[in-house]
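Summary of structural features
One letter stands for each residue in the lines below.
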Amino acid sequence: MYVRKAVVVDALCALAAGALAFCIRLDELGPLQFYLAATLLLPLVWLAIVGMVDGYDSRIVGIGSDEFRRILNAGLILTATVAIVSYAAKAELARGYVVVAFPSLTVMDLFARHALRKHLHRAREQGACMQKVVVVGYPDVATDLTTQLRRETYHGLSVVAACLVGSGTEAETEIAGVPAVHGLSCVADVVARFGADTVAVLSCPEMSGVRLRELAWALEKTSTSLCVAPALLEVAGQRTSIRPAAGLPLLYMDHPEFTGIPRLLKAAFDRTLAFGALLLLSPIMTAIAIAIKIGDGGPVLFSQIRVGVDGSTFKIFKFRTMVSDAEQQKALLAAKNEGGGVLFKIRADPRVTRVGRWLRRWSLDELPQLFNVLSGDMSLVGPRPALPEEADLYGDHVRRRLAVRPGITGLWQINGRSDLPWEEAVRLDLRYVENWSFMLDLQILWRTWSAVSSGTGAY
């Protein structure tokens, strides 16, 4: 259903882009019949190119950036193809038509695909458009996967049953609210019983290569998909590759990029965007400063020592949202802490001022951190900047989040902010550290706007 809608949306975007170019550049065009025909044929050409780059592959539906990357590739291919054909045929194609039609088509289709995806995510939140999954593996990892997929419904996978490995009887039990059966011999029967679309095999030595091949043969009869999850935590696809050796598909994992040209580009992008944002937002920041000063006469800015990259410390700046003696009152409110883990959070914190509550609702108190980005202490996107007392309590694996600069926004910001449990916030920070890419930063910045406007977890 999603693919059919995508075809219709792509065709409508192509027709709209062609019509826009035809109307805007009408006075510069040659034979009108030729450009009218080109406008009417553009949807067919666009659908063919998007199909050629696998833009309708159901495996990229709903998650990841592959869908949008393929639309961009289709736009580049369309432009290059028209340029080459025009040069080879010595056709006098109006540049104004090309300049308006092709870029606007690509941009419109990207926005249309994004809207289509958001509609799909809303449907999945209601339990529609989901694939039924049977998980195979040890009880603890099967429970973790089931819980995570239930929390992140946009993946479109709903665990309906589990086949457990390890000690246990053949009798049916339950994990994370779904039926579970012990044993690997019953996987095909469980799939048929629950009408599953996919079998997810988690890492376990009991599922040998021979057994996995036999399971694949059994699932062929029902066209049930089979996926195998390696024993890798929070590692994105761009860091992994499969290379055959001696008849075995070996999974290689590249190291994350913490240095080099990509990081230099990230730093340049951060500082350029931060400088531009400060110039653009200076009137708003001035108005906020006046409102805070009028509110209670206290200082406008709040500064605090935070832990940065590689454990170094720096002074972070925010607009003050609490009363002036908030830190002195913190010990008196320890019993009301709702943060869990090493965080201190109170949903209805009595120390927050009236102006501060409004600033927190729209995340405007974070704006002075743009100066921290300019100084190189922070990035626009990264893990949450931690307090020294929090960092002192980190375990070895949590300290991994200090390998990069902390950010004003991040995966924690767009996935619930203060509503997230401590363990989930750490998991998201580690996912970002392990899988950083420039495209991921752009996606997080894009989604930050919707997270801020919704106000979820802002307190």
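All values reported here derive from a predicted model rather than from experimental measurement.

Rules of the game
- Residues numbered from 1 in each chain as written.
- Predicted model: local features only at pLDDT ≥ 70, side-chain atom pairs only at ≥ 80, totals over all residues.
- Heavy atoms only, no water.
- Salt bridge = Lys/Arg side-chain N within 4 Å of Asp/Glu carboxyl O.
- Helix = DSSP H or I, 4+ residues; strand = E, 2+ residues; numbered from the N terminus.
- Buried < 20%, exposed > 50% of the residue type's maximum accessible area, 1.4 Å probe, protein only.
- Core = buried A, V, L, I, M, F, W, Y, C linked by side-chain atoms within 4.5 Å.
- Contact = heavy atoms within 4.5 Å.
- Disulfide = S-S within 2.5 Å.
- Axes fitted to C-alpha atoms, helices over the stretch in contact; angles between N-to-C directions.
- Parallel < 35°, antiparallel > 145°, perpendicular 65-115°, else oblique.
- Left-handed = near helix turned anticlockwise from the far one by under 90°.
- Nonpolar A, V, L, I, M, F, W, Y, C, P; charged D, E, K, R; others polar.
- Patch = residues over 30% accessible without salt bridge, like charges linked within 9 Å, V, L, I, M, F, W, Y side chains within 5 Å.
- Areas by Shrake-Rupley, 256 points an atom, 1.4 Å probe, with all protein chains shown as cover.
- pLDDT = per-residue confidence, 0-100.
- Phe/Tyr/Trp six-rings, centres within 6.5 Å; stacked < 30°, edge-to-face > 60°.
- Lys NZ or Arg CZ within 6 Å of the ring centre and 35° of its normal.

**Structural notes on the pattern of salt bridges**
The full count for this structure, using the stated rule, is 14 salt bridges. The salt bridge partner of R69 is D66, with a shortest N-O separation of 2.6 Å. Here R69 and its partner D66 are both found in helix α3 (residues 66–89), three residues apart, which amounts to about one turn of the helix. Here E152 and R431 are joined by a salt bridge, their closest N and O atoms 3.9 Å apart. Of this pair, E152 sits in the loop between α5 (139–151) and β2 (157–164) while R431 sits in helix α14 (residues 422–434); the two residues are 279 residues apart in sequence, bridging distant segments of the chain. For E152, a relative accessible area of 7% corresponds to the buried category. The network of salt bridges with common partners includes R151, E152, E424, R427 and R431.

**Topic: the nonpolar core**
Grouped together as the largest cluster of nonpolar side chains are 30 residues, with contacts concentrated most on I288, F319, Y432 and I444. A per-element tally of this core places helix α8 (residues 261–296) first, with six residues. Residues in contact with F319, not counting those within four places in the same chain, are M285, I288, A289, I292, V300, L301, F302, L359, L364, D365, L367 and P368. Of all hydrophobic cores here, the second largest spans 24 residues; its members include W46, V53, V98 and A112.

**Describing the side chain of T39**
Inspection of the secondary structure assignment puts T39 in helix α2 (residues 32–52). Beyond its immediate sequence surroundings of up to four residues, T39 is in contact with L15, G18, A19, F22 and Y97.

**Some remarks on the state of the cysteines**
Applying the stated criterion to the full structure yields zero disulfides. Cysteine C129 remains unbridged, with the sulfur of C227 as its closest cysteine sulfur at 19 Å. Residue class for C129 comes out partly exposed when judged on its relative accessible area of 34%. There is no disulfide at C186, and the cysteine sulfur nearest it, in C163, is 4.3 Å away. For C186, a relative accessible area of 12% gives the class buried.

**Observations concerning the packing of α2 against helix α4 (residues 95–125)**
The angle between the axes and the distance between the axes are what describe a pair of packed helices. Following both chains from N to C, one finds α2 and α4 inclined at 45 degrees, their axes separated by 12 Å at the closest point. Classified by the angle between their axes, α2 and α4 sit oblique to one another. Remark: the crossing between α2 and α4 carries right-handed chirality. Together, Y35, A38, T39, L42, W46 and V50 of α2 and Y97, F102, L105, T106, D109 and R113 of α4 make up the contact between the two elements. Its residues assigned to classes, the contact of α2 with α4 comprises eight nonpolar, two polar and two charged.

**A closer look at the packing of helix α1 (residues 2–24) against α4**
Their axes nearest at 8 Å, the elements α1 and α4 cross at an angle of 150 degrees. By the angle between their axes, α1 is roughly antiparallel relative to α4. Note on packing geometry: the crossing formed by α1 with α4 is right-handed. Across the contact of α1 with α4, the residue classes break down as 19 nonpolar, three polar and five charged.

**Points about a nonpolar patch on the surface**
On the surface, L15, L36 and L40 cluster together into a nonpolar patch covering about 270 Å² of accessible area. Here L36 is to be found in helix α2. By relative accessible area, L36 is classed as partly exposed at 44%.

**Notes on the confidence of the model for the chain**
For the chain, the average pLDDT comes to 86, and 91% of its residues sit at 70 or higher. Element-level mean pLDDT values for the chain span from 72 in helix α9 (residues 326–329) up to 96 in helix α11 (residues 369–375).

**Some points on the packing of aromatic side chains**
Applying the stated rule across the entire model yields two aromatic pairs. Centroid distance F111 to W446: 5.8 Å. Interplanar angle 65 degrees. Geometry classified as edge-to-face. Separated by 335 residues along the polypeptide, F111 in helix α4 and W446 in helix α15 (residues 438–454) bring together distant segments of the chain. For F111, a relative accessible area of 47% translates into the label partly exposed. With centroids separated by 5.1 Å and ring planes inclined at 80 degrees, the aromatic side chains of F269 and F438 adopt a geometry described as edge-to-face. Of this pair, F269 sits in helix α8 while F438 sits in helix α15, and the two are 169 residues apart along the sequence. It is R263 that lies over the ring of W436; its NZ or CZ is 4.2 Å from the centre. Taking the ring centre of W362 as reference, the NZ or CZ of R361 above it sits at 4.1 Å.

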